[in-house]
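Spelled out from the first residue to the last, the chains are:
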Amino acid sequence: MSDAQLIAGVDEAGRGCLAGPVVAGAVILPAAYDLPGLTDSKKLTAPRREVLAAAIKTQAVAWAVAMVWPGEIDRINILQATFAAMAKALAHLRRRPSLARIDGNKVIPDARLGLLAGCIDQEAVIGGDLTVPAISAASILAKTARDRLLGVYDRRYPGYGFAGHKGYGVAAHLAALRAVGPCPIHRLTFRGVLPDKTPRQLGLPGV
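Bear in mind the structure is a predicted one, so any value in this text is a computation, not a measurement.

Engineer: Talk me through the overall build of the chain; I want residue IDs and the actual numbers.
Structural biologist: When helices and strands are counted, the chain shows eight helices and five strands. Its helices and strands taken in sequence order, the chain reads β-β-α-β-α-α-β-α-β-α-α-α-α from the N to the C terminus. Relative to its length of 207 residues, the chain is compact, with a C-alpha radius of gyration of 17 Å against a globular reference of 17 Å. By residue count, 51% of the 207 residues in the chain fall in the buried class. Across the chain, every contact between residues at least 6 apart in sequence was considered, and the portion connecting residues at least 24 apart equals 66%. A total of about 9,500 Å² of accessible surface is found on the chain, and carbon and sulfur atoms cover 56% of it. Taken together, the 25 basic and 16 acidic charged side chains of the chain have centroids lying 5 Å from each other.

Below you can see the structure in the form of structure tokens.
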């Protein structure tokens, strides 16, 4: 498969969380692969995601995972941080695709692509994590990488329950924030983290 024929799927995990990085995956699958049950990571159990993640890494023409951390999320907003993570994942692929299929309704702005701007065509695919195998694979790599990291942070910052809710704003997480306040991996501009602060709305254009 020549580089001119390579298509990367790109997806993110953790965009709506109150804590931890936003993580993007980029995957180029070969023309033939054996990944039974490949679908959107949210439709899979954690053990099945781990099995598929290992198989994806073995079979992919190229794959990469990239993260943007809470301090940067607070500085540039979650939408721009998501674009930045996706651009980093694409830049880290060991083969350059000719086309990137991005899950959702937006492509990565040239300003975030940097040196890749003009070198890779892009296509936004709504629901792509269910319909485009390479995007499904990217969603699995992003989700498994992020979940493993939040397990580490659960041990480093006990009491928030990161291993269970992975940083999402569930009742137990919000209760912990009210009781003890945020820790270093919390996104301080997000609603519920600092009750006395007006947050940016999550992922809205122009924020």
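Engineer: If you had to explain the packing of aromatic side chains to someone new, which residues and values would you point to?
Structural biologist: Per the counting criterion, the structure on display carries two aromatic pairs. A ring pair is formed by Tyr153 and Tyr157, whose centres lie 6.0 Å apart and whose planes are at 25 degrees; its orientation type is stacked. Here Tyr153 and Tyr157 have matching classes, each one buried. When the ring of Tyr160 is compared with that of Phe162, the centres are 5.3 Å apart and the planes differ by 15 degrees; the resulting orientation is stacked. Judged by its relative accessible area of 8%, Tyr160 is buried. Using a relative accessible area of 0% as the deciding quantity, one classes Phe162 as buried.

Engineer: I'd like to hear about the pairing of strand E4 (residues 99-103), residue by residue, with values.
Structural biologist: Among the five residues that make up E4, four are buried, leaving the element largely enclosed by the rest of the structure. With five bridges connecting them, E4 and strand E5 (residues 121-125) associate as parallel partners. From the neighbouring strand, Arg101 faces E5, where its bridge partner is Glu123.

About the thresholds
- In this numbering scheme, every chain counts its residues from 1 along its sequence in written order.
- In keeping with the predicted nature of the model, local features appear solely for residues at pLDDT of at least 70, side-chain atom pairs appear and are counted solely at 80 or more, and the whole-chain, interface and lining totals rest on all residues.
- For the side-chain quantities, the full set of heavy atoms in the structure was used; hydrogens and water were omitted.
- Counting from the N terminus, the helices are DSSP H or I runs at least four residues long and the strands are E runs at least two residues long.
- To get the radius of gyration, use the C-alpha atoms; to get the globule rule, take the number of residues to the power 0.38 and multiply by 2.2 Å.
- Exposure categories follow from relative accessible area, calculated using a 1.4 Å probe and restricted to protein chains: below 20% of the type maximum is buried, above 50% is exposed, and the middle band is partly exposed.
- Residues are treated as being in contact if the distance between any of their heavy atoms lies within 4.5 Å.
- Per-residue and other accessible areas were derived by the Shrake-Rupley procedure at a 1.4 Å probe size, with only the shown protein chains allowed to occlude residues.
- In this tally, Asp and Glu contribute negative charge and Lys and Arg positive charge; neither His nor the terminal groups of the chain are included.
- The location of each charge is read from NZ of Lys, CZ of Arg, CG of Asp or CD of Glu.
- Two aromatic rings from Phe, Tyr or Trp, using only the six-membered ring of Trp, form a pair when their centres are within 6.5 Å; if the ring planes differ by under 30 degrees the pair is stacked, by over 60 it is edge-to-face, and anything between is tilted.
- Pairing between strands is defined by DSSP: at least two bridges between the two strands are required.

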